[in-house]
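Remarks on the overall topology
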Amino acid sequence: MPRLISAIITTVLISTSSAFAQRPNIVFIMTDDHAAHAISAYGSRVNQTPNLDRLAREGALFENVFATNSICTPSRAAILTGQYSHINGVTVFNRFDSSRMTVARLLQQAGYYTGMIGKWHLGSDPSGFDRWEILPGQGAYANPILYTATGEKTYTGRYATDVITDLAIDFIDKRPRDKPFFLMVHHKAPHRPWEPDATHQAQFASRRIPEPVTFWDSYATRTDALHENQQRVAADLTRRDLKLEPPAGLAGAELTNWLSTKPDTVTIVRDGKTATLTGEALTRWKYQRYMQDYLATVQSVDDNVGRLLKTLDANRLARNTIVIYTSDQGFFLGDHGLFDKRFMYEESLRMPFLVRWPAGIKPGTRTRAIGLNVDFAPTFLEAAGIAAPSDMQGRSLLPLMRGRTPADWRTSMYYRYYHDPGDHNTRAHYGVRTATHKLIYFWRKDQWELFDLVNDPFELHNLYGEPGQEELTATLKSELTRLKQSFADTDQLADDQFPNGVDGPVAKLRGR
């Protein structure tokens, strides 16, 4: 009898181990504020990203994946929970309730070895992870501090993107061999203040970056919201953003004040001569400084993605490992004269989404179907053979990865941004985007914008209120109402601005 029981247990363990071995590993790489149009696979005019392009070439590229609330903390909460901001409780920079169910906890309960490395930015400690080491708040590019539940470490003389990749590789090397793994690799880059390492800074220092088509957008026909925003390259980049050298002797509050000033004149040395820039010349110079640093931080990410892919290859893990590259939202690269995100315009709304899985995805797959960041959690779960909870509002992207768009796939998406007043004075709004049109409602100002994305892809002409647009407007308003109701958005958090609970020193942030 003991031998029989032992044989049964052995058979069960072998069977379970075999089942685990067939379940894919998942490596989820996410940057902060990486615009899709700064990836060459998406047709970038400003840089080349060979390692990210490799993911697209060997897997799938999603052309239309969108953030449901284009700001860091809410997007991260949406990815973890598969829920919109008004359901998961994270509308702005408020602390995430770590007792909530997340995709990490579900995968861990199902036998996955789980890890979280890098930028968390949710205030509470990560839950559902066997191993985690995260940046406090936004974290730092140089000499970063990362902390765990029991301690912290300063990586002196190191650069954050390299450190996060080193820790991700260490996670893979030291993982239990009898479990599949789920690893979230979250980079700080290319978030403001765009501080590249010396090597990549030198690579871009002398480059001239093409200005976007809409760089000099006058905002004619647009609502007050765009006119009132404070995220303009011309007027809102600070001396710190522009890496200007402070006068000798400044320290403390005086230095902080000097660095936070938005200069309307800058004196530079060009071809051995001193020149003071103002007006249009200064705006063009500011754009170059911003983009050179932004793209240099992106290039470091691309190089480190290459390192991670080599690790998977070297460990013979590539075939049955799903590697996803995305960002928590899009970003303005001078588009409409802007930097940052938040608005529902295309450059801010669209997230890059590249995925490679040799065992499950045909190389060169592309899809124009609409995906959302709330879809990520259901996607991970289906890939792992786990049913998504009924309160997840997203839908698995797995059929799209396999080149099949279900007949009942969504043809429109719902967006809502809450942070008003907030950073950059971006007005609160919600809206609907279809394959051909977009309708945006700035509810606190009671103003609307309507765009024809086919004939006006750069969203320069607001059609709202124009003669002949009545039927289209009514149709889109009806769809907006339908979507809002379907996601159980009753304006329950429309007027609440929760306090910032995600930024600060380690001591403040540590703890559930």
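I will try to describe carefully the structure that is included in this document. (Residues numbered from 1 in each chain as written. Predicted model: local features only at pLDDT ≥ 70, side-chain atom pairs only at ≥ 80, totals over all residues. Heavy atoms only, no water.)

**Concerning the nonpolar core**
Which entries qualify depends on this criterion: By nonpolar core we mean a set of buried residues, namely Ala, Val, Leu, Ile, Met, Phe, Trp, Tyr and Cys, connected to one another through side-chain atoms within 4.5 Å. Only protein chains enter the area calculation, which uses a 1.4 Å probe; residues under 20% of their type maximum are buried, those over 50% are exposed, and those in between are partly exposed. Put simply, DSSP H or I for four residues or longer makes a helix, DSSP E for two residues or longer makes a strand, and each gets a number counted from the N terminus. By definition in these notes, contact holds between two residues if any of their heavy atoms fall within 4.5 Å.
Phe 182 and Phe 353 are the most contacted members of the largest nonpolar core, which has 85 residues in total. It is helix α6 (residues 160-173) that provides the largest number of residues to this core, a total of seven residues. Ignoring anything within four residues of it in the chain, the contact list for Phe 353 reads Tyr 42, Ala 60, Leu 61, Phe 62, Val 65, Ile 324, Tyr 325, Thr 326, Phe 376, Leu 397 and Met 401. In this structure, Cys 72, Met 344, Leu 349 and Val 374 belong to the second largest nonpolar core, which totals 44 residues.

**As for a nonpolar patch on the surface**
Inclusion rule: A patch consists of residues whose relative accessible area exceeds 30% and which take part in no salt bridge; residues with like charges are grouped when within 9 Å of each other, and nonpolar side chains (Val, Leu, Ile, Met, Phe, Trp, Tyr) when within 5 Å. Here the accessible surface of atoms and residues is derived via Shrake-Rupley with a 1.4 Å probe, and residues count as covered only by protein chains that are part of the display. The working definition used for a salt bridge is a side-chain nitrogen of Lys or Arg within 4 Å of a carboxyl oxygen of Asp or Glu.
A surface patch of nonpolar side chains, about 270 Å² in accessible area, is lined by Val 213, Phe 458 and Leu 460. Among the structural elements, Leu 460 can be located in the loop between β17 (447-452) and α15 (470-486).

**Points about the side chain of Arg 342**
Just so we agree on the cut-off: Contacts described as polar in this section are N or O atom pairs within 3.5 Å, which, within protein, must combine one atom able to donate a hydrogen with one able to accept it, while residues neighboring in sequence count only if both atoms come from side chains.
Inspection of the secondary structure puts Arg 342 in the loop between β10 (321-327) and α12 (346-349). Overall, the relative accessible area of 3% leaves Arg 342 in the buried class. Of note is the side chain of Arg 342, whose polar atom sits 2.6 Å from the side chain of Asp 340. Only 3.4 Å separates the side chain of Arg 342 from the side chain of His 419, close enough to count as a polar contact. For Arg 342, the contacting residues outside a window of four places in its chain are Ser 70, Ile 71, Phe 93, Gln 231, Ser 348, Tyr 415, Tyr 417, His 419, Asp 423, His 424, Thr 426 and His 429.

**Let's talk about the packing of aromatic side chains**
We count it as follows: Stacked, edge-to-face and tilted are the three classes for Phe, Tyr and Trp ring pairs, Trp counted by its six-membered ring, which pair at centre distances within 6.5 Å; planes under 30 degrees apart are stacked, over 60 edge-to-face, the rest tilted.
The full count for this structure, using the stated rule, is 29 aromatic pairs. Where Trp 194 meets Tyr 290, the ring centres are 4.7 Å apart and the plane angle is 55°; that geometry is what we call tilted. Linking Trp 194 in the loop between β7 (181-186) and α7 (198-204) with Tyr 290 in helix α11 (residues 279-314), this pair joins segments that are 96 residues apart in sequence. Residue Trp 194 shares its accessibility class with Tyr 290, and that shared class is buried.

**Thoughts on the environment of Arg 207**
Along the chain, the position of Arg 207 falls in the loop between α7 and α8 (224-228). Taking relative accessible area as the criterion, Arg 207 reaches 35% and is therefore assigned partly exposed. As for Arg 207 and Met 291, which are separated by 84 residues in sequence, their C-alpha atoms are 9.6 Å apart. Once you skip the residues sitting within four places of it in the chain, Arg 207 turns out to touch Gln 288 and Gln 292.

**Looking at the pattern of salt bridges**
Considering all chains together, one arrives at 38 salt bridges under this definition. The residue Glu 228 makes a salt bridge to Lys 445 at a minimum N-O spacing of 3.3 Å. Remark: Lys 445 occurs in the loop between β16 (437-442) and β17 and Glu 228 occurs in helix α8; sequence separation between them is 217 residues. Among the residues examined, Glu 228 registers a relative accessible area of 26% and is labelled partly exposed. Among the charged side chains, a network of salt bridges with common partners joins Asp 33, Asp 340, Lys 341, Arg 342 and Asp 423.

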